[in-house]
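# Structural characterization, general
So you can see what is in the structure, the chains are spelled out below.
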Amino acid sequence: MKKVVIIGGGYAGIYALRELVKNKNIKITLIDKHTYHNLQPEVYDLIANKSTFADVTIDLTTLCRGFNHNHLEFKNLKVRKIDQHTRKIYTEEQEIVEFDYLIMAAGTRTFFPSSIPGLNNADDIKKLHRAITFKQSFERQLFEKIRDEAKQCADTHIVVVGAGLSGVEIAAEMAYYSNKFFQRGNFSCDNLKISLISSSASILPGLKPDLINISQQRLRALGINIITNTKLQKVEDGYCILSNGTKINHSFVVFTGGVEASTITSELEDVAKNGRGQIIVNEFMQSDKYENIFAVGDIAEVKNQQGEIMPPNVTIARISGANAGKNVLNMINGKSLQKCDPKLDGILIALGGQYAAGDIYGLLTVKGRLAYEIKKYVFSSYRKPLIKLIKKGYAKLKKL
């Protein structure tokens, strides 16, 4: 029986798994150091108290149980070494997992440049446990602010560094949440500030001008201070030093200034990688040296048919993950491989509350409540079938 291993239970890994389970005669092992699939784009709702932990995660144990596959297992392990020659995976827990085919889907992590002193103390909301820690720290400071408001009204200043999608969305959600918080309680100590710092000439670099304009107008309406053409140079206790010479105080620094591949890619020593550590793959999602090792989602450098590098996002994770799953089955069955043809459906940006902006297939720009409802529908269409599977898996576990 052929053994297929997926490392990483994120979007790309799940889409690969959904293809692989169609073959009931192979052994499939899903490995992840976490027990849950983090629905990363929805974590900002968690921070802003619009959702709970259960809403932004999918339990991997019950998910695997929910698939109707007798040879599928989930292993909560931390990978330490991959031997591509002996086809063995060594883990921190001293368990060895063998494979005939391997799909790397471990994703990315926030890149903290060592050239910026003090940045290691910034908040990293890409990791769910750190997002929850940030949420708790922020709410504790709000409580202390209200508790002491009759005696003093301490400043609260959140500095978001990086004005790409992640930076814009977290700034918008935090601003909307805090505005509603003070309005609802009619608290007098209403002086929370949010600054968004972009090293580029505008926010959301690379996106269409109309999307940028809509987003900027919304952010400013929420009271967010946008600082462009400026880099963070140093983080001190209570202050950020900017490249334009400005020194601004901060209560929290949220860094969203870029990503790099999971450190696990370093275990594949002789596989081609780019400067960010992403595995360079061909049109079938295979690594350059080993046809049985695939890489998908954010951990891979995925190109379209024109040779353009695609941005790391959920759409590319879905397309590349599903393609790799199909091609593993094709190899097992002796069939021709299918070329991956990644295309962006569009982009949707959450801008606080029931407001969003989006570009649909490059043909239509939407904003406001309509864009929010479209974004909500897209998320629901992904989450609903997974919820059905984990409920099915949970029912099976309860019968044991």
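Going by the structure above, here's the rest.
Summary of the structure given here. (Residues numbered from 1 in each chain as written. Predicted model: local features only at pLDDT ≥ 70, side-chain atom pairs only at ≥ 80, totals over all residues. Heavy atoms only, no water.)

What follows is about the pairing of strand β1 (residues 3-7). Most of β1 is tucked away, with 4 of its 5 residues classed as buried. As a crossover connection, the stretch from β1 through helix α1 (residues 11-20) into strand β2 (residues 27-32) is right-handed. Bridge analysis of β1 against strand β9 (residues 101-104) gives 4 bridges, and the strand direction is parallel. Note on β9: the bridge partner recorded for V4 is Y101. (Buried < 20%, exposed > 50% of the residue type's maximum accessible area, 1.4 Å probe, protein only. Helix = DSSP H or I, 4+ residues; strand = E, 2+ residues; numbered from the N terminus. Right-handed = clockwise from strand over helix to strand, strands pointing away. Pairing = 2+ DSSP bridges.)

A separate point is unusual backbone geometry. Backbone geometry places Q94, a non-glycine residue, at a positive phi of 70°. What makes Q94 exposed here is its relative accessible area of 71%. For N229, which is not glycine, the phi dihedral falls at a positive 55°. Of note, N229 is situated in the loop between β13 (225-227) and β14 (232-236).

All right, on to helix α8 (residues 369-399) then. With 31 residues, α8 extends 43 Å from end C-alpha to end C-alpha; this agrees with the ideal 45 Å at 1.5 Å per step. Largest kink in α8: about 30°, centred on R383, with the proline P385 one to four residues after it. Buried within α8 we find A371, Y372, K375, F379, Y382, L386, I387, L389, I390 and G393. (Expected span 1.5 Å × (residues − 1). Bend = angle between axes of the 7 residues up to and from the residue.)

Looking now at the side chain of D359. As for its placement among the helices and strands, D359 is situated in strand β23 (residues 356-360). Not counting the four nearest positions on each side in its chain, D359 is found in contact with K208, L211, D345, G346, I347, L364 and T365. (Contact = heavy atoms within 4.5 Å.)

Further remarks concern the packing of helix α4 (residues 128-147) against helix α5 (residues 165-185). Closest axis-to-axis distance for the α4/α5 pair is 13 Å, and the angle between their directions is 30°. Between α4 and α5, the interaxial angle falls into the category roughly parallel. Crossing geometry of α4 relative to α5 is assigned as right-handed. Taking contact as the criterion, the partners of F134, F138, E139, L142, K145 and I146 in α4 are, on α5, M174, Y177, F181 and F182. In terms of residue class, the contact of α4 with α5 is made up of 8 nonpolar, no polar and 2 charged. (Axes fitted to C-alpha atoms, helices over the stretch in contact; angles between N-to-C directions. Parallel < 35°, antiparallel > 145°, perpendicular 65-115°, else oblique. Left-handed = near helix turned anticlockwise from the far one by under 90°. Nonpolar A, V, L, I, M, F, W, Y, C, P; charged D, E, K, R; others polar.)

Moving on to a nonpolar patch on the surface. On the surface, a cluster of nonpolar side chains totalling about 400 Å² of accessible area is made up of Y361, L363 and L364. When you line up the elements, L364 lands in strand β24 (residues 364-368). Exposure remark for L364: the relative accessible area of 47% places this residue in the partly exposed category. (Patch = residues over 30% accessible without salt bridge, like charges linked within 9 Å, V, L, I, M, F, W, Y side chains within 5 Å. Areas by Shrake-Rupley, 256 points an atom, 1.4 Å probe, with all protein chains shown as cover. Salt bridge = Lys/Arg side-chain N within 4 Å of Asp/Glu carboxyl O.)

A word on the packing of aromatic side chains. Ring pairs (aromatic) are described by centroid distance and by the angle formed between their planes. The tally for this structure, following the rule as stated, stands at 8 aromatic pairs. Seen in terms of ring centroids, F134 and F138 are 6.3 Å apart; in terms of plane orientation they differ by 15°. Their pairing is stacked. Residue F134 and its partner F138 are located together in helix α4, separated by 4 residues, close to a single helical turn. By the burial criterion, F134 is buried, and F138 matches it. Pairwise contacts between aromatic rings join F134, F138, Y177, F181 and F252 into one cluster. Here the basic side chain of R218 rests over the ring of Y355, its NZ or CZ set 4.4 Å away from the ring centre. A cation over an aromatic ring shows up here: K247 above the ring of Y239, its NZ or CZ 4.7 Å from the ring centre. (Phe/Tyr/Trp six-rings, centres within 6.5 Å; stacked < 30°, edge-to-face > 60°. Lys NZ or Arg CZ within 6 Å of the ring centre and 35° of its normal.)

Let us now look at the sheet that holds β14. Spatially, the 3 strands line up as an open sheet ordered β14-β15-β16, and their pairing is antiparallel. Looking at which strands have only one partner, the edges of the open sheet turn out to be β14 and β16 (247-249). Averaged over all adjacent pairs, the angle separating strand axes in this sheet is 25°, with direction ignored.

On to the pairing of β14, then. The sheet contact formed by β14 and strand β15 (residues 239-242) spans 4 bridges and is antiparallel. Looking at β15, one finds that L232 is bridged to L242. With antiparallel pairing between neighbouring strands as the criterion, β14 and β15 make up a hairpin whose turn holds 2 residues, including G238 at a positive phi of roughly 90°.

On their own, these measurements won't tell you what the molecule is for.
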